[in-house]
Amino acid sequence: MSAPGAVLSQASAPGNRTGLLPQMLLAVLCGGYAVGSAFGWGGSTGLALVMGDFGLSVAALAAAVSCLVYVRRATTDRYRPAWALFAVSSAMVALGNGIWGWYEVVLRGDVPRTSVADFCFLLFAPPAIIGLLVLAKRPVTRAGWVCLGLDAWLIGGSLLTLSWTLALAQTALWEGHSTARIALSLAYPLLDIMLVSMVLALHFRRSSANRAAVNTAIASLALTVLCDALFTSPLLREHYNSGQILDAGWFAGSMLLAYAPWVGERGTAERVAAERGTAEREQEQGRRMSGSLAALTPYLAAAVCVLGILYNVIDGRKSDRVVLLTGCTVVLALVVRQGIMLLDNMALTQELAQKENHFRSLVQGSSDVIMIASPTGALRYVSPAAKGVYGCDPEEWVGTEFATHIHPEDLGRVVHEVRRFLAAHAAEEPATRIECRIRHGDGSWLNVESSVNRHQGGLIFNSRDVTERVRLQAQLQHNASHDPLTDLPNRALFTERIRQAIGGRRAGDGDTGTTAVLFIDLDGFKAVNDTVGHQAGDELLVQAARRLQDSVRAGDTTARLGGDEFAALICGTSADPHLREYQVHEVADRLRAALSEPYRVDGTEVRVAASIGVAFADPGVSPGELLRNADLAMYRAKQAGKGRVEMYAPAMQAEVVRRAELAGRLRTALRDGEFALLHQPVVDLGTGEVTAVEAQARWRSAQGILFTPAEFLRVAEDTDRTAQLARWLLEEAVGQAALRHAAGSPVPVAVRLSSRRLMHRELPTKDVEALLERHGLPPDSLVLQVADQDPRISLDELERRLTALSRLGVRIALEGFGSGYAPMDTLRRLPVDVLKLDRGLTEGVVESPRLRKITAGLLRIAEDLGIRSVAEGVDRPEQVLALREMNCTHGQGMAFSGPLDEHRLRSSLTRGSYPVPGGAVPPDSPRISVRGTRKADELRSNNETPVPPA
């Protein structure tokens, strides 16, 4: 019972709970049968016969059925034929025992010396032998097949020599027995010897697939052969009766074979994965042991043959021909086997040398450094690539400790990882990867990445230089958090620095209220891009960033948020609110002064100013809110005149909220009809006659609040609401002008549009023409006032658009004349018919002699170009007199009338004129006609290049 016990103990490994119940049941059945047979089945001869005959038949039949059921279920197992052959073998045993029981139990007689049962028992061995051959690992060469046959004969011949010497020779010399009886008696042990030979050969050559099932099947057949060998001996066979202890071995062998095919099926996939490491360890140990036994097998077989021959000599017997013949064939097989092995070893040695040369060439030619370290950490081999990578002779490194070449800061991490790797199981973690710095021959440090594998208790390091990759990763990480132009921190990194400062994680920070953020915007930077170029603008930003860094303190952080927007994080100021405000304001003034100094760009001196908003990190303020507060303060600085510093106040946020609410109501104002159109008369300063009207939108909200254009246009700027409002204003102005024209008041209407709206894709020239034709208004009755010049709008594109409108007959007016330098350039290039003086010139024309001279000069330019001049903001009579003295032809303002609704406007047009301070100018005074149809010689374009006819 030792063999079944070994198999059971192996099958019931820890964690194999699913196979525990079948194993216990198998042990109970075998143990119960053994106890019953040992005690003679309680003295009952009949029970002993039944259990010895039909009990063995049932056990063998169970093995046959179990193997057949497995064959039907395991459709993917390539060893199904082996289990089918085992089923046939067990079926023969079941039939033989059944016939034996028929004689002893049913017929109650003796079993004949030669019966059908003997032939059934003889047929047990051939299917089992073939099945074992199927389970064996098949050789891939002819020499392998020959060696397999020789090994089987070496084992079988040695066993035959020994068994013939001990027992079979006497059986062959039985006198009085027929030849058939002697042959039958010899067939049992010979077949058992063949079976034992195959069992032993399979032990050394068994397949690695489903090892537990194969081992169990081998154990069952070995136990059966052992019982057959004992039964064959004359001493036991003469006194054998059914139901004795020998039957317990046959019973256990059949039950083991019934259990064998299902051993590999027990357990779940998780258990199989968990036991894989243990199986590999056992396989490695078994491989070493089986390799040693396989090498000794030929010599053991020859030794057995020699022992058989010596036994005959010592016993005084003459040499048996069977023993001599068998011994000679065994020796011959041994010689042939050793010759084949010698040739095979020579071929393997040559192949191994070739592979060694091949791998040596790969290692020596590899650009990676391959090092082998002993268990103590000493380097036993360093590949030649170390010369090119580490700049040192590989021989100098051999024998040194690998740890001495690693950077001290990385050594602890590397040692920890190596120890963890060595503690892990090889099957679960065959390799690991480490990255560290290794000293170069010139004293510098290289970033090296190494894959580490186990090797004979030591380690193999396959290392490569990844310094450039590490540098690239560091550069990419730096680029992700820094502005590429100025190399200052970007918005993401700056926000993180604010978060650290507010959280008190920066050194020296105490109270979070000592942290302030400065939001900086360069005034006039867009003009630099438009006039000098974007490349010069980039250079200006680089210089501004350098000045910003030089002007802050050592512990402060500067950043570029985008475009011409910068920021500074000021930490460690005083906790006293007044003192901290003074300190931060002083820093902000220093930054403003530094950024406002002239810049030298491409040999040109460029000037910009800086508007700065300051916000403090009060308790509960998040980084995003702190940046937003500083941004609001910066916009307040721009609104207050630019080039100044503003401190954040909560009222700024309230203003933002108010404007957001206003913008929300503005979205529905046009849809709900809350906008109304008013017209302000444009009056001839000489006669008081109304020569044109300017359309102006007014918004009276549902709450009854009247908003001026300055209020709601600022809210709607740069939104789609501005475009909707512009379309509505143009549509309404043209429609009402057409109605007045049809009623006999052909007064032109002026519509104020920004240059951006004039260039918008939703307002092409064809749409203006279609609008005029739809309402029946003559083109010269529409005046489009260019309200401003957006730096983002190309002047060439604007010139082409206005020229097309001028060809159509629409008049072009230029607003804001006299403010800045841009109107002079537009006056030179655009087809301007009307110049509207900036309100700033009109308001101070009476009080300021200097402003009066400037205004007079501008009016002379308009008069020399033959362009109508209109002064905005004429609110006082003395302004009318002063402008008229400077030959300003027209005025618009409260001195005559404010914006009028349609009813009052028609009354004013019916009256025809307004009283003019100082009396009317004599009719013979030179004046340009402004009513009726425009004459080509009076209102010509100001283009330097004449406009070709359409």
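Residues numbered from 1 in each chain as written. Predicted model: local features only at pLDDT ≥ 70, side-chain atom pairs only at ≥ 80, totals over all residues. Heavy atoms only, no water.

Colleague: Give a detailed account of the overall build of the chain, specifying residues and quantitative values.
Modeller: Check the secondary structure of the chain and you find 33 helices and 21 strands. Within the chain, buried positions represent 46% of all 950 residues. Sequence-distant contacts, at least 24 apart, represent 67% of the contacts inside the chain between residues at least 6 apart. For the chain, the computed accessible surface area is about 47,900 Å², with 58% contributed by carbon and sulfur atoms. (Helix = DSSP H or I, 4+ residues; strand = E, 2+ residues; numbered from the N terminus. Buried < 20%, exposed > 50% of the residue type's maximum accessible area, 1.4 Å probe, protein only. Contact = heavy atoms within 4.5 Å. Areas by Shrake-Rupley, 256 points an atom, 1.4 Å probe, with all protein chains shown as cover.)

Colleague: Residue-level account of the packing of helix α3 (residues 45-73) against helix α4 (residues 80-106), with values.
Modeller: Look at α3 against α4: their axes get within 7 Å of each other, and the N-to-C directions meet at 160°. With respect to each other, α3 and α4 are oriented roughly antiparallel. Remark: the crossing between α3 and α4 carries left-handed chirality. (Axes fitted to C-alpha atoms, helices over the stretch in contact; angles between N-to-C directions. Parallel < 35°, antiparallel > 145°, perpendicular 65-115°, else oblique. Left-handed = near helix turned anticlockwise from the far one by under 90°.)

Colleague: Which residues make up the packing of aromatic side chains, and what are the values?
Modeller: All told, the structure shown has 9 aromatic pairs when counted by the stated rule. Here the aromatic rings of Y33 and F251 are separated by 4.3 Å at their centres, their planes lie at 10°, and the arrangement is stacked. Placement of the pair is Y33 in helix α2 (residues 20-38) and F251 in helix α11 (residues 245-259), with a sequence separation of 218 residues. Relative accessible area serves as the criterion here: at 2%, Y33 is assigned to the buried category. When its relative accessible area of 8% is taken as the criterion, F251 is described as buried. Note on F675 and W728: the rings are 5.9 Å apart at their centroids and 55° apart in plane angle, and the pair reads as tilted. Of this pair, F675 sits in strand β13 (residues 675-684) while W728 sits in helix α25 (residues 720-742), and the two are 53 residues apart along the sequence. (Phe/Tyr/Trp six-rings, centres within 6.5 Å; stacked < 30°, edge-to-face > 60°.)

Colleague: Pulling in residues and values, what's your account of the confidence of the model for the chain?
Modeller: A residue-level look at the chain finds 73% of positions with pLDDT of 70 or above and a mean pLDDT of 77. Per-element mean pLDDT across the chain ranges from 34 in helix α1 (residues 2-11) up to 94 in strand β21 (residues 890-892). Overall, residues 172-176 carries pLDDT values under 50, and its contacts beyond four positions in sequence, including any with other chains, amount to 5 contacts. In this model residues 922-950 is a low-confidence stretch, pLDDT under 50, and it forms 49 contacts with partners more than four residues away in sequence or in other chains. (pLDDT = per-residue confidence, 0-100.)

Colleague: Can you explain the sheet that holds strand β1 (residues 369-373)? Please cite residues and give values.
Modeller: Sheet architecture is open: 5 strands sit in the order β2-β1-β5-β4-β3, paired in antiparallel fashion. The sheet is open, and its two borders are formed by β2 (379-382) and β3 (431-439), each paired with just one other strand. Sheet twist, expressed as the mean angle between neighbouring strand axes with direction ignored, is 25°. Bridge count between β3 and strand β4 (residues 445-455): 9 bridges; the pairing is antiparallel. Following the sheet pairing, C436 is matched in β4 by V448. Contacts between helix α16 (residues 408-423) and the sheet are confined to β3, β4 and β5 (458-465), with β3 contributing the most and set at about 160° to the helix. (Pairing = 2+ DSSP bridges.)

Colleague: I'd like to hear about the environment of V528, residue by residue, with values.
Modeller: Topologically, V528 is positioned in helix α19 (residues 525-531). For the pair formed by V528 and D538, sequence separation is 10 residues and the distance between their alpha carbons is 10.0 Å. Leave out the neighbours within four places in its chain, and V528 touches G533, G537, L540, V606 and V608.

Colleague: Any details on the pairing of β1? Residues and values, ideally.
Modeller: Counting buried positions along β1 gives 5 out of 5 residues, so the element sits mostly inside the fold. The side-chain alternation of β1 yields two buried faces, one formed by V369, M371 and A373 and the other by I370 and I372. Alignment of β1 against β2, held across 3 bridges, turns out to be antiparallel. Along β2, the bridge assignment pairs A373 with L379. What sits between β1 and β2 in their antiparallel hairpin is a turn of 5 residues, with G377 showing a positive phi close to 100°.

Colleague: Could you give me a rundown of the pattern of salt bridges, with the residues and numbers involved?
Modeller: Counted according to the given criterion, the structure contains 30 salt bridges. The partner of R469 in a salt bridge is E435, with the nearest N and O atoms 3.3 Å apart. Linking R469 in helix α17 (residues 467-481) with E435 in strand β3, this pair joins segments that are 34 residues apart in sequence. The exposure class assigned to E435 is partly exposed, which follows from its relative accessible area of 29%. With a closest N to O distance of 3.5 Å, R876 and E878 form a salt bridge. By relative accessible area, which is 27% here, R876 ends up partly exposed. (Salt bridge = Lys/Arg side-chain N within 4 Å of Asp/Glu carboxyl O.)

Colleague: Please provide a residue-by-residue account of the side chain of Q696, values included.
Modeller: With respect to the secondary-structure elements, Q696 resides in strand β14 (residues 690-700). At a separation of 3.2 Å, a polar atom in the side chain of Q696 contacts the side chain of Q680. Separated by 3.1 Å, the side chains of Q696 and R698 make a polar contact. The contacts of Q696, once residues within four sequence positions are left out, are A676, L677, L678, Q680, L729, Q892 and P899. (Polar contact = N/O pair within 3.5 Å; in protein donor to acceptor, adjacent residues only side chain to side chain.)

Colleague: How would you sum up the pairing of β13? Please name residues and give values.
Modeller: In terms of residue burial, β13 counts as a mostly covered element, since 9 of its 10 residues are buried. In this sheet, β14 lies alongside β13 in antiparallel orientation, the contact comprising 9 bridges. Within β14, the position partnered with A676 by the bridge is R698. In sequence, β13 turns back onto β14 through a hairpin of 5 residues, with G688 there showing a positive phi of about 80°. Relative to β21, β13 runs antiparallel, the two being bridged by 2 bridges. Residue V683 lies in a different strand from β21, and its bridge partner there is G891.

Colleague: Give me the lowdown on the environment of G46, citing residues and values where you can.
Modeller: Looking at the secondary structure, you find G46 in helix α3. In this structure, the C-alpha to C-alpha distance between G46 and S242, residues 196 residues apart in sequence, is 9.9 Å.

Colleague: I'd like a rundown of the sheet that holds strand β11 (residues 609-616), residues and numbers included.
Modeller: With mixed pairing, 5 strands are arranged side by side in an open sheet as β7-β8-β6-β11-β12. Single-partner strands in this sheet number two, and they are β7 (557-562) and β12 (645-647). The sheet shows a mean angle of 20° between the axes of neighbouring strands, taken without regard to direction. Note that strand β6 (residues 516-523) and β11 share 8 bridges and pair antiparallel. Residue F519 lies in a different strand from β11, and its bridge partner there is G613. Sheet contacts for helix α18 (residues 491-502): β6, β7 and β8 (565-570); angle to β8, the most-contacted strand, approximately 20°. Helix-sheet contacts for helix α22 (residues 623-639) involve β6, β7, β8, β11 and β12, and the interaxial angle to β11 is about 140°.

Colleague: Describe unusual backbone geometry, listing the residues and the values that go with them.
Modeller: Phi is positive for D487, which is not a glycine, with a value near 65°. Here D487 is to be found in the loop between α17 and α18.

Colleague: So what's going on with the side chain of K836? Residues and values would help.
Modeller: Tracing the backbone shows K836 in strand β19 (residues 834-837). For K836, a relative accessible area of 2% translates into the label buried. Within the structure, the side chain of K836 is placed 3.0 Å from the side chain of E694, a separation counted as a polar contact. Those residues in contact with K836, other than ones at most four positions away along the chain, are E694, Q785, L814, E815, G816, F817, V870, E872 and Q892.

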